[in-house]
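Single-letter residue listing:
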Amino acid sequence: MAVLAVVTVGAVLLARHSANLVSAAQQRLAVQQRALSDARLKHSNAGSEKALIQRYLPTYQALQALGFVGAEQRLTWVDGLSAANRDLGLDNLQYQIGQQGAYPLANELGANDLPVRQSIARLTIPLVHEEDLMRFFRSLAEKRTGLFTINACQLTRTGGADPSGTSSNVRADCEIAWITVSDVEPEKRP
């Protein structure tokens, strides 16, 4: 009887131990199956992400070449302003480009998830004629110096009519915003 009791207790203990081993193995199997499922999903998504990247890469590169995507290109802007000024034969263009800040109309454009930034530039442009202002902005846009919007312009007559048509008669005081989308946060300044 004693041997039978010892064998029965041993069998019960072995059965419990086996059940614990089976339970632990099932838990490890479930974890591994979830990991495999996640890996398969990532692999599946990688193909669609690759297709998405290939689809939009040319557009992204075009926006990058335009200066809309990436870090702001202040030197390119200054060169563009000078070149547009030279193209029209204007004198004494003055400009001041302010610090980059958030673009307030990003939400209205549906770009609230993108880091849309703007740098406000104030321009003083001496013009021979009012039409020179639009020619200046068309020339600036043709230089592909970046995406900009004209926020405001005020024209002021500077003197009497010049019969030769070679000196400035009008001054334009304009505010434009150069707009960029960048994933780089601007440096924190004290």
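This one's a predicted model, so the numbers in the text were calculated from it and none came from an experiment.

(A) Highlighting the state of the cysteines. Scanning the entire structure with this criterion turns up 1 disulfide. At a sulfur-sulfur separation of 2.1 Å, the disulfide partner of Cys153 is Cys174. Here the disulfide of Cys153 and Cys174 is right-handed, its torsion about the S-S bond being about 115°. Remark: Cys174 occurs in strand β4 (residues 170-181) and Cys153 occurs in strand β3 (residues 147-157); sequence separation between them is 21 residues. Residue Cys153 is classed as partly exposed on the basis of its relative accessible area, which comes to 34%. Taking the relative accessible area as the measure of exposure, Cys174 reaches 4% and is therefore buried.

(B) Seen up close, the layout of surface pockets. Computed from the structure, the second largest pocket encloses a volume of approximately 200 Å³. Taken together, Tyr56, Thr59, Tyr60, Leu63, Phe68, Val69, Leu114 and Val181 make up the lining of the second largest pocket. Of all the elements, helix α1 (residues 2-66) adds the most residues to the lining of the second largest pocket, at 4 residues. Each residue belonging to the lining of the second largest pocket can be placed in one class, and the counts come to 7 nonpolar, 1 polar and no charged.

Rules behind the numbers
Residues numbered from 1 in each chain as written. Predicted model: local features only at pLDDT ≥ 70, side-chain atom pairs only at ≥ 80, totals over all residues. Heavy atoms only, no water. Disulfide = S-S within 2.5 Å. Helix = DSSP H or I, 4+ residues; strand = E, 2+ residues; numbered from the N terminus. Buried < 20%, exposed > 50% of the residue type's maximum accessible area, 1.4 Å probe, protein only. 1 Å grid on protein atoms, 1.4 Å probe; cavity = no way out; pocket = protein on both sides within 12 Å on 5 of 7 lines; lining within 4 Å. Points joined across faces, edges and corners; volume = space filled by probe spheres on them. Nonpolar A, V, L, I, M, F, W, Y, C, P; charged D, E, K, R; others polar.

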